[in-house]
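Residues per chain, in single letters:
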Amino acid sequence: MTAERRPAADRAALRQAMSTLRLAELREGTWLRPANLTRPRPEPVVRQCTFLTGRPEEDPAVLAASLWDLDAWTAKADALRTALAGATAIAERFTYAAAVLRHLLNDPLLPPSLLPAGWPGPDLRARYEAFEADFEQLLTTHVLA
């Protein structure tokens, strides 16, 4: 039996929801990720999906690297770390911090065993949190004083 064709709006809502859940599409309609995150499933996902649990027979790190472009994510993270570290003016730091935050929203949040050595995610998060603390201090000192 073949599933009914869903309207384009439903397919787009599902694709957005699955990406937000940090799943990766193995092939059309087959979304995967390790079971290391627990989060509620949005309505479009619950309505349109069947959920299965399984394990790859091959190396899971190789599968993860084929699903997420970890090298590209690392390269952009490294560039953002460098830019944020070199920024001195608050406006420039704020702009780079916003870019870091957007990039962190695309972190696949894989378990460490599936990540390449030297994965920059935790360090990039720490740098963003340090900026956030500095910015909060700046606001407290100059705006609320």
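Report on the accompanying structure.

Procedures and definitions
Residues numbered from 1 in each chain as written. Predicted model: local features only at pLDDT ≥ 70, side-chain atom pairs only at ≥ 80, totals over all residues. Heavy atoms only, no water. Salt bridge = Lys/Arg side-chain N within 4 Å of Asp/Glu carboxyl O. Helix = DSSP H or I, 4+ residues; strand = E, 2+ residues; numbered from the N terminus. Buried < 20%, exposed > 50% of the residue type's maximum accessible area, 1.4 Å probe, protein only. Lys, Arg positive; Asp, Glu negative; His and termini not counted. Polar contact = N/O pair within 3.5 Å; in protein donor to acceptor, adjacent residues only side chain to side chain. Contact = heavy atoms within 4.5 Å.

### Remarks on the pattern of salt bridges
Taken as a whole and assessed by the stated rule, the structure comprises nine salt bridges. Glu-28 is paired through a salt bridge with Arg-15; the nearest N and O atoms lie 3.9 Å apart. A residue pair is termed long-range when its members are at least 10 positions apart, and Glu-28 in the loop between β1 (24-27) and β2 (30-32) and Arg-15 in helix α1 (residues 8-20) qualify at 13 residues. Residue classification places Glu-28 among the exposed residues on the basis of a relative accessible area of 66%.

### Comments concerning the side chain of Arg-33
Note on placement: Arg-33 falls in the loop between β2 and α2 (43-48). The side chain of Arg-33 sits in the buried core without any salt bridge; Asp-107 is the nearest counter-charge, 7.8 Å away. In this structure the side chain of Arg-33 is engaged in a polar contact, spanning 2.9 Å, whose partner is the backbone oxygen of Pro-108. Apart from the residues within four sequence positions on either side, Arg-33 is in contact with Leu-21, Arg-22, Leu-23, Arg-39, Trp-68, Pro-108, Leu-109 and Leu-110.

Everything listed is a geometric property; what it means functionally is a separate question.
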